[in-house]
Amino acid sequence: MKKYLPVMLLAGTVIIIQLLTLITGKGFLLTQLTMSTWYVIAALGLCMVMGYAGQISLGQAGFFAIGGYTTAVLSTIDFSARTGTSVFSFFDSLGLLLTRQTIYGDTVIYLSPWAALIAAILIAGLTAWGLGVPVLKLRGHYLGMATMGFGIIVNRIVVGTKIFGEADGISNVPPFKMFPGFEISGKVGFRVGNYYFAWLVVIIALILLINLINSRAGRALKALHGSEDAADAMGVNTARCKTAVFIIGAVLAAVAGFFMTHYNGGIGPSESSVIKSVRYVSIVAVGGMANIWGTLIMGMLLNFLSLRGVFGHFDDAVFGIILVLMMMFMPDGFIRKEVFYSIKTLFRGKK
Amino acid sequence: MALNQILQYIFSGITVGSIYAFVAIGYNIIYNSTGIINFAQGEFVMLGGMIAYTFSNFMPLLPAIIAAILITAAIGGLIENVFIRRMRKTSVLGMIVITIGLSILIREFALSIWDEQIRALRFFTGNEISSVNILGARISPQVLWVLGVTLVLTAGLYFFLKFTLTGQAMRACSENPTAAKLCGIRTDRMVSLSFMVSAGIGALGGCVVSPLTQTHYAMGSDLAIKGFTVAILGGLGNPMSAVAAGILLGLIEAFSISILPMAYKDVISIIILLIVLVARPSGLFGSRSASALKDY
């Protein structure tokens, strides 16, 4: 039970923050907090790949975009013109077709986002598998460039293809009505609900990741990070381990992208840009690489400040500075035990 | 396709390929002396074009270009002295992360100096509309400048690395740094020099293509991955074969435009990168057994 104590503390903090915004009347902050939370889920996925398994990935934003664009495309197709086709009756028999009114009063028949969620997870997972099996054989610089190349491919396809909205992105994504009385959307009435739902997803992800890290597979990953050859010699199936963790990271990013797209009501090509991938890397680096709690805390902090516009014109530069300074002075990250101990001794004086 | 049309594609391919070759040569020189892939290599090209543009507003073209090359080389040396030298003992992961961080910083720095506008250096001879007729293909005289500079640079680099004492010392450092040190070569100076040379070469490339392809603050990351593709195609650590590989990739891209939409041009070269990385990491011209011994 001890390993879940931080998760409970986190849940408590989440509630306290919501109550604080309620008391101070700054409920609007919850919007950016919710968005940061979705970004943090993608960062947690990268933390597993980069921090725990030691495989650099500069294409995390590509998977985020795959999740987001899958639902943006699928849930904006209008099936009302396709009634009677076999595709229509197939989805209809599964109960996956919903109707909504456009602002002009027209009725649109669209695919349920539940189907899009499954599609997003499958597409991201299969892409990660197809990319990971050959590419994760590479190491170091080669792996970095290959994953960055994947991210750029996603970006170029999105920018250059009509169904992805080219440079404009897709903007009329309907809300995701998960169950009666609750939907994933940016409407003010659902702000508190969305905030708690995003944290619920984070907490589920955290519990799964904590279990993974403390399992046999998690120890294999740590061995892999230390030395791939040594792990191989100890009987760890390194190729399978790396691919598996890469798929987990990709699926987490895709899920984050999926919910973010419904929350924002749209997605644009900038979500797949190299700079977004680099942001995830800098969050993981500043959080202490193999440290999901560090990634969580720094990810929330940096994304929230960035979304609030605190960094102004220097939004991207801040992440660049973080990367450079962290690597020069604290290659083990900012959030780690030693830092807390040195802060402690600062106050108590040296023993 | 008519002959003159094919020629047109060939010339545009060679021009684009030359700029990739400039970036790839920069990668190779730094890789040889440090074992680092400098993700900020594309930023040097952007800096070269931007600085030369600014200077060309109040001085003739040649001194402006020379100033741009010298300033960019100084920035390259500064980066090595301030950041890379302290990082010698960190992991490859740390090296990748810091060079990416630097590339973002340079780009944001350029954004705050030169804003978001696309700029172009003026043409070396003639202007936008002047052209030379070669076998029915009409090409800009700037294309000839690009080809000429690429040729001169390649020959000059070959001469420098093969016959001058400094060039030989640089090669010795890449073969075996410890042995080079024992022979009395200041290896840390050679590393600084290699950063300066590769930044300067990048800046030169940025200047000669600026009239044709324009210069934009965010052009670096695209050039970085294309240049890397070329460096890998030619075999990492071999600056000479990078020129051949660069022109090859340029030609592939130029002809791909005639079949596929323009937007997918980058996708093709990155897919080539992925295939080469996985199937033949030693490159087209590199030795397989030699690359198996290298540590990436």
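Procedures and definitions
- Residues numbered from 1 in each chain as written.
- Chains lettered and ligands numbered in written order.
- Predicted model: local features only at pLDDT ≥ 70, side-chain atom pairs only at ≥ 80, totals over all residues.
- Heavy atoms only, no water.
- Helix = DSSP H or I, 4+ residues; strand = E, 2+ residues; numbered from the N terminus.
- Buried < 20%, exposed > 50% of the residue type's maximum accessible area, 1.4 Å probe, protein only.
- Contact = heavy atoms within 4.5 Å.
- Areas by Shrake-Rupley, 256 points an atom, 1.4 Å probe, with all protein chains shown as cover.
- Lys, Arg positive; Asp, Glu negative; His and termini not counted.
- Charge placed at Lys NZ, Arg CZ, Asp CG, Glu CD.
- Buried area = accessible area lost by both parts, 1.4 Å probe.
- Salt bridge = Lys/Arg side-chain N within 4 Å of Asp/Glu carboxyl O.
- Polar contact = N/O pair within 3.5 Å; in protein donor to acceptor, adjacent residues only side chain to side chain.
- Core = buried A, V, L, I, M, F, W, Y, C linked by side-chain atoms within 4.5 Å.
- Pairing = 2+ DSSP bridges.
- Phe/Tyr/Trp six-rings, centres within 6.5 Å; stacked < 30°, edge-to-face > 60°.
- Expected span 1.5 Å × (residues − 1).
- Axes fitted to C-alpha atoms, helices over the stretch in contact; angles between N-to-C directions.
- Left-handed = near helix turned anticlockwise from the far one by under 90°.
- Nonpolar A, V, L, I, M, F, W, Y, C, P; charged D, E, K, R; others polar.
- Patch = residues over 30% accessible without salt bridge, like charges linked within 9 Å, V, L, I, M, F, W, Y side chains within 5 Å.

Engineer: Looking at this structure, I do not really get the overall build of chain A. What am I missing?
Structural biologist: Counting secondary structure elements, chain A contains 14 helices and four strands. A burial count over chain A gives 55% of its 351 residues as buried. Contacts spanning at least 24 positions in sequence make up 75% of the contacts within chain A whose residues lie at least 6 apart. As presented, chain A carries roughly 15700 Å² of accessible surface, and 68% of it is formed by carbon and sulfur atoms. One finds the centroid of the 26 positive side-chain charges in chain A at a distance of 12 Å from the centroid of its 14 negative side-chain charges.

Engineer: Whenever I open this one, the interface of chain B and chain A confuses me. Can you help?
Structural biologist: By a widespread convention, an interface's size corresponds to the accessible area lost as its parts come together. At the junction of the two partners, chain B supplies 42 residues and chain A supplies 36 residues. Of the roughly 3500 Å² buried between chain B and chain A, counting both surfaces, carbon and sulfur atoms make up 82%. Run the count over chain B and chain A and you get two salt bridges. Put simply, Asp266 of chain B and Arg156 of chain A hold a salt bridge, and the shortest N to O gap is 2.5 Å. Connecting chain B to chain A are four residue pairs in polar contact (both at pLDDT 80 or more). When contributions to the side of chain B that touches chain A are tallied by element, the ones reaching two or more residues are helix H3 (61-84), helix H4 (92-114), helix H9 (220-234) and helix H11 (265-279) of chain B. Ranked by the residues each element gives to the side of chain B that touches chain A, the list is headed by H4 of chain B, at 14 residues.

Engineer: Would you take a moment to explain the environment of Tyr196 of chain A for this structure?
Structural biologist: Residue and element names in this part refer to chain A. As for its position among the elements, Tyr196 is in helix H7 (residues 191-213). Assessed through its relative accessible area of 28%, Tyr196 is described here as partly exposed. C-alpha of Tyr196 to C-alpha of Tyr110: the two residues are 86 residues apart in sequence and 27 Å apart in space. With residues near it in sequence (within four places) discarded, Tyr196 still touches Val14, Ile15 and Gln18.

Engineer: What is the right way to look at the nonpolar core in this model?
Structural biologist: One recurring pattern in soluble globular proteins is that nonpolar side chains are buried together. In terms of nonpolar packing, the biggest core is built from 194 residues, with Trp38, Phe63, Phe259 and Ile292 of chain A together with Phe228 of chain B touching the most fellow members. For this core, the element with the most residues is helix H2 (residues 29-52) of chain A, which contributes 17 residues. Beyond its immediate sequence surroundings of up to four residues, Phe259 of chain A is in contact with Trp38, Phe176, Met178, Ile184 and Phe197 of chain A. Grouped together as the second largest cluster of nonpolar side chains are eight residues, Phe79, Phe91, Leu97 and Ala115 of chain A included.

Engineer: Even after reading the chapter, I still don't get the pairing of strand S2 (residues 107-111) of chain A, so can you show me in this structure?
Structural biologist: Every regular strand shows the same layout, with side chains that alternate between the two sheet faces. Residues and elements named next belong to chain A. Among the five residues in S2, four count as buried, and that is most of the element. Where strand S1 (residues 97-101) lies against S2, five bridges are found, and the strand directions are antiparallel. Of the residues in S2, the one forming a bridge with Thr99 is Ile109.

Engineer: Would you explain the pattern of salt bridges in this entry?
Structural biologist: Between side chains of opposite charge, a pair can form when the charged atoms approach closely. A complete count under the given rule lists 15 salt bridges over all chains for this structure. Residues Lys187 of chain A and Glu183 of chain A are paired through a salt bridge, measuring 2.7 Å at the closest nitrogen-oxygen approach. Given the relative accessible area of 6%, Glu183 of chain A is considered buried. Across the pair Arg85 of chain B and Glu80 of chain B runs a salt bridge, and its minimum N-O distance is 3.1 Å. Given the relative accessible area of 31%, Arg85 of chain B is considered partly exposed. Here the salt bridges do not stand alone but share partners, grouping Arg156 of chain A together with Asp222, Lys226, Glu253 and Asp266 of chain B into one network.

Engineer: Looking at this structure, how should I read the packing of aromatic side chains?
Structural biologist: Two aromatic rings, taken as a pair, are described by how far apart their centres are and by the angle between their planes. On inspection of all chains with the given rule, the structure shows 23 aromatic pairs over all chains. Relative to Phe164 of chain A, the ring of Tyr69 of chain A lies with its centre 5.6 Å away and its plane at 85°, an arrangement referred to as edge-to-face. Highlighted residues: Tyr69 of chain A in helix H3 (residues 60-74) and Phe164 of chain A in the loop between helix H6 (140-160) and strand S3 (176-179), separated in sequence by 95 residues. Look at Phe55 of chain B and Phe58 of chain B: their rings are 5.9 Å apart centre to centre, the planes differ by 65°, and that puts the pair in the edge-to-face class. Through a chain of ring-to-ring contacts, the aromatic side chains of Trp38, Trp114, Phe176, Phe182, Phe190, Phe197, Phe258 and Phe259 of chain A assemble into a single cluster.

Engineer: Can you walk me through helix H12 (residues 292-307) of chain A in this structure?
Structural biologist: Residues and elements named next belong to chain A. For H12, built from 16 residues, the straight-helix expectation of 22 Å at 1.5 Å per residue is met to within 8% by its first-to-last C-alpha distance of 22 Å. Looking only at H12, the buried set comprises Ile292, Gly294, Thr295, Leu296, Met298, Gly299, Met300, Leu302, Asn303, Phe304 and Ser306. Considering only its buried residues, H12 is in contact with helix H1 (5-24), H2, H7, helix H11 (274-286) and helix H13 (315-329). Measuring from the backbone nitrogen of Trp293 back to the side-chain oxygen at the start of H12 gives 3.1 Å, which picks out Asn291 as the cap. Directly beyond the C-terminal end of H12, a positive phi value near 80° is found at Gly309.

Engineer: Any chance you could explain the pairing of S3 of chain A here in plain terms?
Structural biologist: Residue and element names in this part refer to chain A. Here S3 runs beside strand S4 (residues 182-184); their pairing, made up of three bridges, is antiparallel. Pairing of Phe179 across the sheet is with Phe182, part of S4. The antiparallel pairing of S3 with S4 creates a hairpin that spans two residues between the two strands, and Gly181 there sits at a positive phi of about 90°.

Engineer: Where do I start with the packing of H13 of chain A against H4 of chain B in this structure?
Structural biologist: The axes of two packed helices give the description: the angle between them and the distance between them. One way to put it is that H13 of chain A packs onto H4 of chain B with a least axis distance of 8 Å and a crossing angle of 145°. In this structure, the crossing between H13 of chain A and H4 of chain B has a hand that is left-handed. Across the interface between the two elements, Asp316, Ala317, Gly320, Ile321, Leu323, Val324, Met327 and Met328 of chain A from H13 of chain A touch Gly94, Val97, Ile98, Ile100, Gly101, Leu102, Ile104, Leu105 and Glu108 of chain B from H4 of chain B. Looking at the contact of H13 of chain A with H4 of chain B residue by residue, the class counts come to twelve nonpolar, three polar and two charged.

Engineer: Looking at this model, I keep getting lost on a nonpolar patch on the surface. Mind explaining?
Structural biologist: Residue and element names in this part refer to chain A. On the surface, Ile118, Leu122, Leu126, Trp129 and Val133 cluster together into a nonpolar patch covering about 530 Å² of accessible area. You can see Ile118 is positioned in helix H5 (residues 113-135). Take Ile118: its relative accessible area is 53%, and that puts it in the exposed class.

Remember, this is a structural readout, not a statement about activity or role.
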